[in-house]
Amino acid sequence: MTANGWFQIFFFFALVLVCAKPLGLYMARVFERERTFADFIFRPIERLIYRLTGIDETHEMRWTEYSVVMLLFSLVTMLVTYAIERLQHLLPLNPQHLAAVAPDLALNTAASFTTNTNWQSYVPETTMSYLTQMLTLAYHNFFSAAVGMALAVALIRGIARRESKTLGNFWVDTTRASLWVLLPTCFIYALLLVSQGVVQNFRPYDQAKLVQPQTVTTTGTDGKATTQTVTTQSIAQGPVASQEAIKMLGTNGGGFFNTNSAHPFENPTPLSNLMEMFSIFLIPGAFTVTLGRMTKAPKHGWAVFAAMAVLFFAGVFVAYYAESQPNPLLHAANQHVTATQAGGNMEGKEVRFGIANSALFATVTTDASCGAVNGMHDSFMPLGGLVPLVNIMLGEVIFGGVGAGMYGMLIFVVLAVFIAGLMVGRTPEYLGKKIESFDVKMAMLYVLIFPLSILGLTAVALMPNLGLSSLANTGPHGLTEILYAYTSATGNNGSAFAGLNANTHWYNLSLAAAMLVGRFLMIVPMLAVAGNLAKKKLVPPSPGTFPVHTPLFTVLLVGVVLIVGALTFFPALSLGPVLEHLLMHAGRSF
């Protein structure tokens, strides 16, 4: 670890901290339908959308209606995405003449982008046409993010309102999230990315002649080896910058290219790298300010921000430290910092980013439900790879996805307040509302669905005829590859340990199921909590009321998140990255 590396980490976080308040206050005004500086542009467009679609913007929805409308909207858009993937060979904007996507892969991808997961079991530049990338995948990048924001706002309204049966209007919330926040920000952001060298065009792929022809041997499905001489290389390109902007800002993560943000056409410079990491945390960080403003408890919003910050710095410290250490299986003299060597573990990392920015990016993208990568997590040291895995296993509440991180953390707030009430022998209260058995049951249902999907599907995938044949590694590292896949899918993250070949019938279908469970089966109990809180009366504070704006609350919230995660996942982690770390120091690799 170096002083320069830590300076870059603190500079990144300072940018997030400075921008959280103005954006958070702006989003609160947008969702409370107060006047903003952008109304003269977007309000006429919003009215036109409602007129064309027949939406009554004054209609308020109960939590059950809000849930049903959200589920139906997601289902319809998922089916449309599946259909376009299957028919892309017949549709325009396909200069490479790419074939239709296979049925199981199309289902996996449709579920992936609908749920804001953006898991990719395919090579994008050789599988998806320009039309598919823009019309379906980029569309979901916007609306899956907007849905997450709408759901977070619905829960915040449930906390803020009193004796109310409704949580707002799903159509209005998603429309305002898209028009007032995502679209204008992405327009500016895409231009900034283009200025850094991110490509944006509709050209067919270029063919470059190799200076030195290469002899390549491949093995077909029949087991026969074929040797051929390669004299040209295909240079993939396309409308990348416009996709990259919403990919990062909406914490989507699905790359236009197979190597994602490690590709120089997606992330060419250190400045573009900083912008991409900053955009991942921007909206989730601002949502804590929105929480404080809408509930009229700004100190509470900052206490939640502080809990997220503590967990973030703990993760980035471990990742940076682990990747800065020499690999004990390699010659240590070549792994120390010199004028010409970055030191530590540079495997799987881009030289233009180095260890500090690779460890920071891995931490940020898994603290949020983004999943974009600028290095390969599969090549990290065991403890370095442990950090992204644990970040997702904690429920991706360390800032988390746009909206999703906020409502996930608020579920843990309910549990923390409940535990505090038990410790003092009083009925737990949260911002003037009593937390009762229904709230706790729904919160626990939300928490338990997550490990049930991850651990259950991982256990089944360990059967020889299902998941083991896709592994590139054996032993604890192979277990980590499978565990990470189902953790990433259920957590709607989308990043992967790249040693796993997930483009099989089993993985495409089981990961699709994990993504749908992790998104929608967890949303319903969350909205039930929101609806129940909205109906309650406010009660005056008493000597037994636990304040939710103090450092003690922040410590308790961090403790609850860590304890729930540790009790649930430590046995699996001890057989994966922890065991691999111990065996590596004993001289074994996998």
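Residues numbered from 1 in each chain as written. Predicted model: local features only at pLDDT ≥ 70, side-chain atom pairs only at ≥ 80, totals over all residues. Heavy atoms only, no water.

Trainee: Is there a simple way to explain the overall build of the protein chain in this structure?
Mentor: Looking only at helices and strands, the protein chain has 18 helices and 4 strands in total. Taken over C-alpha atoms, the radius of gyration comes to 24 Å for the protein chain, in line with the 25 Å a tight globule of 590 residues would show. Dimensions along the principal axes, computed over C-alpha positions, put the protein chain at roughly 75 × 60 × 50 Å. Here the protein chain holds 590 residues, and the buried ones make up 57% of them. Within the protein chain, contacts between residues at least 6 apart in sequence are counted, and of these 78% link residues at least 24 apart. (Helix = DSSP H or I, 4+ residues; strand = E, 2+ residues; numbered from the N terminus. Rg over C-alpha atoms; globule rule 2.2 N^0.38 Å. Buried < 20%, exposed > 50% of the residue type's maximum accessible area, 1.4 Å probe, protein only. Contact = heavy atoms within 4.5 Å.)

Trainee: It is not clear to me how the packing of aromatic side chains should be interpreted in this structure. Could you clarify?
Mentor: Aromatic ring pairs: the centre-centre distance and the angle between the two ring planes describe each pair. Under the defined criterion, the tally for this structure stands at 34 aromatic pairs. Between Phe281 and Phe312, the aromatic rings sit 5.5 Å apart at their centres with planes inclined by 70°, giving edge-to-face as the arrangement. Taken together, the residues Phe281 in helix H9 (residues 270–294) and Phe312 in helix H10 (residues 298–324) connect sequence positions 31 residues apart. Ring geometry for Phe312 and Phe313: centres 4.9 Å apart, planes at 65°, overall edge-to-face. Take Phe312: its relative accessible area is 0%, and that puts it in the buried class. We classify Phe313 as partly exposed; its relative accessible area is 22%. Over the ring of Trp180 we find Arg176, and its NZ or CZ is 4.1 Å from the ring centre. One Lys or Arg, Lys349, reaches over the ring of Phe380 and ends 4.3 Å from the middle of that ring. (Phe/Tyr/Trp six-rings, centres within 6.5 Å; stacked < 30°, edge-to-face > 60°. Lys NZ or Arg CZ within 6 Å of the ring centre and 35° of its normal.)

Trainee: What should I look at first to understand the pattern of salt bridges in this one?
Mentor: Between side chains of opposite charge, a pair can form when the charged atoms approach closely. All told, the structure shown has 15 salt bridges when counted by the stated rule. Between Glu57 and Arg43 there is a salt bridge, with its nearest N and O atoms 3.1 Å apart. With Glu57 in the loop between helix H2 (39–53) and helix H3 (63–87) and Arg43 in helix H2, this residue pair connects regions lying 14 residues apart in the sequence. Given the relative accessible area of 19%, Glu57 is considered buried. Linking Arg352 and Glu350 is a salt bridge whose minimum nitrogen-to-oxygen distance equals 2.6 Å. Judged by relative accessible area, Arg352 falls into the partly exposed class, the value being 26%. (Salt bridge = Lys/Arg side-chain N within 4 Å of Asp/Glu carboxyl O.)

Trainee: Explain the side chain of Ser358 here, please?
Mentor: Structurally, Ser358 can be placed in helix H11 (residues 354–367). The class for Ser358 is buried, based on a relative accessible area of 1%. Beyond its immediate chain neighbours, meaning those up to four positions away, Ser358 contacts Lys349, Phe353, Asn374 and Phe380.

Trainee: Explanation requested: the environment of Met393 in the structure shown.
Mentor: With respect to the element layout, Met393 can be found in helix H12 (residues 382–393). A sequence separation of 58 residues divides Met393 from Pro451, and the C-alpha atoms of the two residues are 8.1 Å apart. The residues touching Met393, leaving out its near neighbours within four places in the chain, are Phe450, Leu483, Thr487, Phe569 and Leu573.

Trainee: What exactly am I supposed to notice about a nonpolar patch on the surface here?
Mentor: A cluster of nonpolar side chains, Met1, Phe317, Val318 and Tyr321, forms an exposed patch at the surface whose accessible area comes to about 350 Å². Inspection of the secondary structure assignment puts Val318 in helix H10. (Patch = residues over 30% accessible without salt bridge, like charges linked within 9 Å, V, L, I, M, F, W, Y side chains within 5 Å. Areas by Shrake-Rupley, 256 points an atom, 1.4 Å probe, with all protein chains shown as cover.)

Trainee: Please explain the nonpolar core as it appears in this structure.
Mentor: Membership of the largest hydrophobic core comes to 146 residues, with the highest contact counts inside it found for Phe12, Met149, Ile283 and Phe312. Looking at this core, the element that brings in the most residues is helix H6 (residues 130–160), giving 14 residues. Leave out the neighbours within four places in its chain, and Phe312 touches Phe12, Phe13, Phe281, Leu360, Thr363, Val364, Asp367, Ile398 and Phe399. (Core = buried A, V, L, I, M, F, W, Y, C linked by side-chain atoms within 4.5 Å.)

Trainee: Help me understand the environment of Leu415, please; the structure alone is not making it clear to me.
Mentor: Of note, Leu415 is situated in helix H13 (residues 404–424). A relative accessible area of 5% means that Leu415 is categorised as buried. For the pair Leu415 and Asn492, spaced 77 residues apart in the sequence, the C-alpha separation amounts to 22 Å. Discounting chain neighbours no more than four positions away, the residues touching Leu415 are Ala443, Met444, Val447 and Val560.

Trainee: Explain the pairing of strand S1 (residues 206–219) to me, please; I cannot follow it from the model alone.
Mentor: Side chains on a regular strand alternate between the two faces of the sheet. Among the 14 residues of S1, 0 are classified as buried, and the element is accordingly described as predominantly exposed. Sheet topology places S1 next to strand S2 (residues 225–235); 10 bridges connect them, and they run antiparallel. Looking at S2, one finds that Thr219 is bridged to Ala225. (Pairing = 2+ DSSP bridges.)

Trainee: Explanation requested: the packing of helix H1 (residues 3–31) against H11 in the structure shown.
Mentor: Two measures define how a pair of helices packs: the angle their axes make with one another and the distance between the axes. Packing of H1 against H11 brings their axes to within 9 Å, and their N-to-C directions diverge by 35°. The crossing of H1 and H11 is right-handed. Across the interface between the two elements, Gly5, Gln8, Ile9 and Phe12 of H1 pack against Ala356, Asn357, Leu360 and Val364 of H11. A breakdown of the residues in the contact of H1 with H11 according to their chemical character gives 5 nonpolar, 3 polar and no charged. (Axes fitted to C-alpha atoms, helices over the stretch in contact; angles between N-to-C directions. Left-handed = near helix turned anticlockwise from the far one by under 90°. Nonpolar A, V, L, I, M, F, W, Y, C, P; charged D, E, K, R; others polar.)

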